Amino acid sequence: MLKGKHIILGVTGGIAAYKSAQLARLLIKAGAEVQVIMTPSAREFITPLTMSTLTGKPVITEFFTANTGEWHSHVDLGIWADAMVIAPATACTIGKMAHGVADNMLVTTYLSAKAPVFVAPAMDLDMMAHPSTSANLSLLRSYGNHIIEPTSGELASHLIGKGRMEEPERIVQVLSDYFSESKPLKGKRALVTAGPTYERIDPVRYIGNFSSGKMGYSVANALASAGADVTLVSGPVSGQNLSKNVCLIKVESAIEMLNACKDVWHDVDIAVMSAAVADYRVANQSQCKIKRERDSVPNIVLAKNPDIAATLGGTKKDHQLLIGFALETDNEVQNATDKLSRKNLDAIVLNSLRDAGSGFGIDTNKITIIDKTGNIIAYPVKSKPEVATDLVNYIIDCISNK
Ligand code: PMT
């Protein structure tokens, strides 16, 4: 979608400027021509040499080159661009853009740009939460700019909260989506499960697992990017970024997840079950906090949880594609293949804890897709959003061959 597109990448002076190098690289890889404009303070965080080496174009920071007097026309740049993306955008630059303070090349070009402008804020959580930042972002939105919301997590200050610049892969995805005319999954309804389930022991304790939701949220976002109408049923997770087009249903336990899935399943064309569902719940759940006893330990009795994927598999119609995940530690292909047939899945995405870069919590995964005819496709380690894109491309192929 970005092949041949002229993109102005505006970089401002924040610690997230280090991610701009990766963003420039990904845009170039996607076939775009990238012109970087840096604010003077951005140069304190990342060198123009890094950016010009990656893009193959001299970086522009000033209105003219001092030793030659060469003039950099913000007007020409504004006309040249198919899109302008400012990443990271500091509170200062956001304020200047909102109020037309054209005291540097970046803001001047922004004011001249005819193309759509995408702004990816990055700042500390209190700056992000400040009413003046919210008001400035609202102003930018009201002028038709696209705000790529920051995510939550650990910030440069080591505080935890909202203010991390969105990952470069997602920013590229947002731009691709913008330029994509016909989306391959338009008109298709998709269901995704993500995260862990929590099975209560008493009002303050639960049985759970380490799933962060990163894989499932990436799948939901990738399906939405491909045009599907997505419902995400998610167990308890925090800090995951979700595309605006995804309908989120939050649940806690496996039974709640099952009920939410059953409610939409009849309407669904594609289901991807990436949640790590607890196989057991507590049969003797206590309504009061279990007290510590001096001479005994509590006896927790487990009951089997329903198998959500198998329940959906039991009523699967011909037009429905049901894909499961399997996290294995041994005898991987055999175990995953058994699950595939036991749950009546069309394909299963195997990830193994024995592979470096795979599994719970981390940002990468290494998957192997096994289908019901025994075909096996193995992929290298990639970021979870990239893994999700591979899976969605696989789904698009399946649907077009159905
Ligand atoms: O969330 P992250 O931190 O990013 O981690 C991602 C992940 C490791 C959780 C994900 O990639 C993954 O592998 N999810 C499946 C975890 C798993 O081990 O599933 P399972 O082998 O217990 O179950 C197989 C399939 O049946 C899965 O699709 C599961 O969602 C489904 N299942 C399992 C049990 C149950 N009661 N109901 C189900 O629907």
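As the structure is a prediction and not an experimental result, all values here were calculated from the model. (Residues numbered from 1 in each chain as written. Predicted model: local features only at pLDDT ≥ 70, side-chain atom pairs only at ≥ 80, totals over all residues. Heavy atoms only, no water.)

Asker: Break down the overall build of the chain for me, citing the residues and quoting the values.
Answerer: Secondary structure summary: the chain contains 13 helices and 21 strands in total. Here the chain holds 402 residues, and 49% of them are scored as buried. Considering only contacts within the chain whose residues lie at least 6 apart along the sequence, 66% involve residues at least 24 apart. Split by element, the accessible area of the chain, about 19200 Å² in all, is 53% carbon and sulfur. Measuring between centres, the 40 positive side-chain charges of the chain sit 3 Å from its 40 negative side-chain charges. (Helix = DSSP H or I, 4+ residues; strand = E, 2+ residues; numbered from the N terminus. Buried < 20%, exposed > 50% of the residue type's maximum accessible area, 1.4 Å probe, protein only. Contact = heavy atoms within 4.5 Å. Areas by Shrake-Rupley, 256 points an atom, 1.4 Å probe, with all protein chains shown as cover. Lys, Arg positive; Asp, Glu negative; His and termini not counted. Charge placed at Lys NZ, Arg CZ, Asp CG, Glu CD.)

Asker: How would you sum up a nonpolar patch on the surface? Please name residues and give values.
Answerer: Taken together, the side chains of F210, L327, L353 and F360 define a hydrophobic patch exposed on the protein surface, amounting to about 390 Å² of accessible area. As for its position among the elements, L353 is in the loop between β17 (347-352) and β18 (364-365). (Patch = residues over 30% accessible without salt bridge, like charges linked within 9 Å, V, L, I, M, F, W, Y side chains within 5 Å. Salt bridge = Lys/Arg side-chain N within 4 Å of Asp/Glu carboxyl O.)

Asker: A description of the packing of aromatic side chains should follow, citing residues and the corresponding values.
Answerer: Throughout the structure, instances matching the rule amount to four aromatic pairs. Relative to Y206, the ring of Y198 lies with its centre 3.7 Å away and its plane at 10°, an arrangement referred to as stacked. In this structure Y198 comes out as partly exposed when scored by relative accessible area, which is 21%. A relative accessible area of 42% means that Y206 is categorised as partly exposed. (Phe/Tyr/Trp six-rings, centres within 6.5 Å; stacked < 30°, edge-to-face > 60°.)

Asker: Requested: an account of the side chain of D390, with residues and values cited.
Answerer: Among the secondary structure elements, D390 is positioned in helix α13 (residues 384-401). If we ignore the near neighbours within four places in the chain, the residues touching D390 are Y379 and K382.

Asker: Report on the nonpolar core, specifying residues and quantitative values.
Answerer: Among the nonpolar cores identified, the biggest contains 34 residues, and L223, V230, V272 and L391 are the most heavily contacted of them. Contributing elements (two or more residues each) for this core: β8 (189-194), α9 (214-225), β11 (229-234), β13 (270-273), β16 (321-328), β17 and α13. Considering every element that reaches this core, the biggest residue donor is α13, with eight residues. Judged by nonpolar contacts, the second largest core, of 31 residues, contains L23, M51, M165 and V172. (Core = buried A, V, L, I, M, F, W, Y, C linked by side-chain atoms within 4.5 Å.)

Asker: Describe the sheet that holds strand β1 (residues 6-11), with residues and values.
Answerer: Read across the open sheet, the five strands follow the order β2-β1-β3-β4-β5; overall the sheet is parallel. The sheet terminates laterally at β2 (33-38) and β5 (146-147), the two strands that pair on one side only. This element, helix α1 (residues 18-29), spans β1, β2 and β3 (83-89) of the sheet and lies at about 175° to β1. (Pairing = 2+ DSSP bridges. Axes fitted to C-alpha atoms, helices over the stretch in contact; angles between N-to-C directions.)

Asker: Describe the side chain of K384, naming the residues involved and giving the relevant values.
Answerer: Position of K384 relative to the elements: it lies in helix α13. No salt bridge is formed by the buried K384, whose closest oppositely charged neighbour, D363, lies at an N-O distance of 6.7 Å. If near-sequence neighbours (up to four positions away) are discounted, K384 is found in contact with K214, M215, S218, G359, F360, G361, I362, D363, T364 and N365.

Asker: Lay out the environment of C247 in plain terms, naming residues and giving numbers.
Answerer: Within the fold, C247 resides in strand β12 (residues 246-250). Judged by its relative accessible area of 41%, C247 falls in the partly exposed class. Through-space distance from the C-alpha of C247 to that of G4 is 33 Å; in sequence the pair is 243 residues apart. Setting aside chain neighbours within four positions, we find C247 in contact with V230, T231 and L232.

Asker: Tell me what's going on with the site of the ligand, and back it up with residues and numbers.
Answerer: Near the ligand lie 26 residues; those nearest to it are S211, M273, K339, N351 and G361. Here an oxygen atom of the ligand sits 3.4 Å away from a polar atom, N or O, in the main chain of K214. Note that a nitrogen atom of the ligand is positioned 3.0 Å from one of the backbone N or O atoms of I308. Compared with its free state, where it exposes 770 Å², the ligand has 95% of that area covered by protein. Every element with two or more residues in the shell around the ligand is listed here: α9, α11 (308-314) and β16. With three residues, the top contributor of residues to the shell around the ligand is β16. Residue composition of the shell around the ligand, grouped by class: eleven nonpolar, nine polar and six charged. (Near = heavy atom within 4 Å. Polar contact = N/O pair within 3.5 Å; in protein donor to acceptor, adjacent residues only side chain to side chain. Nonpolar A, V, L, I, M, F, W, Y, C, P; charged D, E, K, R; others polar.)

Asker: Requested: an account of the environment of S400, with residues and values cited.
Answerer: Assignment of secondary structure puts S400 in helix α13. On a C-alpha basis, the gap between S400 and L185 in space is 9.9 Å, while along the polypeptide they are 215 residues apart. Separated by 3.0 Å, the side chain of S400 and the backbone oxygen of D397 make a polar contact.

Asker: How would you explain the pairing of strand β19 (residues 368-371) if you had to name every residue and give the values?
Answerer: Residues T368 and I370 line one face of β19 and the alternating positions I369 and D371 line the opposite face, and both faces are buried. The pairing of β17 with β19 spans four bridges and is classified as antiparallel. The residue of β19 that forms the bridge with L350 is T368. Bridging between β19 and strand β20 (residues 376-378) involves three bridges; their strand directions are antiparallel.

Asker: Any details on the sheet that holds β12? Residues and values, ideally.
Answerer: With respect to topology, eight strands assemble into an open sheet ordered β12-β11-β8-β13-β16-β17-β19-β20, the strand pairing being mixed. One side of each edge strand has no neighbouring strand; the edge strands of this open sheet are β12 and β20. Averaged over all neighbouring strand pairs, the angle between strand axes comes to 15°, with direction disregarded. Contacting β8, β11, β12, β13 and β16, α9 runs over the sheet at an angle of about 165° to β8. In this fold helix α12 (residues 332-342) packs onto β16, β17, β19 and β20, with an angle of close to 150° to the strand it touches most, β17.

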